[in-house]
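# Analysis of the macromolecular model
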Amino acid sequence: MTSVRVCAIDDLAVNEASRFVLEGVPIAVVKDAAGDVFAIGDTCTHGDISLAEGFVEDDTLECWAHGSMFSLKTGKPLTLPAYEPVPVYQVELKDGDVHIDPAVTLTV
């Protein structure tokens, strides 16, 4: 599979998560204050909750339901109750658009 166009970079609000479903895979996409774009699995590993409904703080995405914070860079939970990481996806920025391959996760 190849990368899929997700949205325009300018469509992403700064320090807010947006949910996209690519080829059946829910992904949370975040643009930070520096303009860097991250993509992680959108489902909290502690409960079946969309992380995109949570809160972005620095380089983390916090699940609104129980407060687990996941690193946008590694997908690892930094606080309990979650202890399993979420997948991290490679983001490609092409011609002002965000592209992600939902079949390829990064090992970090």
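Since we're looking at a predicted model, the values are computed, not measured. (Residues numbered from 1 in each chain as written. Predicted model: local features only at pLDDT ≥ 70, side-chain atom pairs only at ≥ 80, totals over all residues. Heavy atoms only, no water.)

## A look at the sheet that holds strand β9 (residues 97–105)
Strand order in this open sheet of six strands is β1-β9-β8-β4-β3-β2, and the pairing throughout is antiparallel. Two strands close off the open sheet at either side, each with one partner strand: β1 (4–8) and β2 (17–22). When strand polarity is set aside, the average angle formed by the axes of neighbouring strands in this sheet is 30°. In the sheet, strand β4 (residues 37–41) pairs with strand β8 (residues 88–94) via two bridges, with the strands oriented antiparallel. Bridging across to β8, I40 finds its partner in V88. (Pairing = 2+ DSSP bridges. Helix = DSSP H or I, 4+ residues; strand = E, 2+ residues; numbered from the N terminus. Axes fitted to C-alpha atoms, helices over the stretch in contact; angles between N-to-C directions.)

## Structural notes on the UniProt feature "domain: Rieske" (unreviewed entry) in the chain
In the UniProt entry, the feature "domain: Rieske" (unreviewed entry) is given for residues 4–100. The span residues 4–100 is 0% helix and 44% strand, and its two end C-alpha atoms sit 5 Å from each other. (UniProt positions renumbered as here; feature names shortened; annotations may be inferred.)

## Examining the side chain of D97
Along the chain, D97 falls in strand β9. In this view, D97 contacts R5, C7, A8, I9 and E92; residues no more than four positions away in its chain are not counted. (Contact = heavy atoms within 4.5 Å.)

## What to know about the nonpolar core
By size, the foremost hydrophobic cluster in this structure holds 16 residues, and its most contacted members are A17, I40, L51, L61, F70 and L72. Elements represented by at least two residues in this core include exactly β3 (25–31) and β4. (Core = buried A, V, L, I, M, F, W, Y, C linked by side-chain atoms within 4.5 Å. Buried < 20%, exposed > 50% of the residue type's maximum accessible area, 1.4 Å probe, protein only.)

## Observations regarding the pairing of β3
Summarising burial for β3: five of the seven residues are buried, a large majority. As paired strands, β2 and β3 are joined by six bridges and run antiparallel to one another. Looking across to β3, one finds that R19 is bridged to A28. Bridge count between β3 and β4: five bridges; the pairing is antiparallel. For V29, the partnering residue across the bridge sits in β4 and is A39.

## What to know about the environment of A103
The topology assignment puts A103 in strand β9. Along the chain, A103 and P26 lie 77 residues apart, while their C-alpha atoms are 12 Å from each other.

## Quick look at the environment of A8
Relative to the elements of secondary structure, A8 occurs in strand β1. If sequence neighbours within four positions are ignored, A8 has contacts with G96 and D97.

## Considerations on the sheet that holds strand β6 (residues 60–62)
Sheet strands line up and pair through hydrogen bonds in the backbone, either parallel or antiparallel. The three strands are arranged β5-β6-β7 in an open sheet whose pairing can be described as antiparallel. If you trace the sheet from one side to the other, it starts and ends with β5 (55–57) and β7 (69–71), each paired once. Neighbour-to-neighbour, the strand axes of this sheet turn through a mean angle of 30°, independent of strand direction. The pairing of β6 with β7 spans three bridges and is antiparallel. Bridge assignment links L61 to a residue of β7, and that residue is F70.

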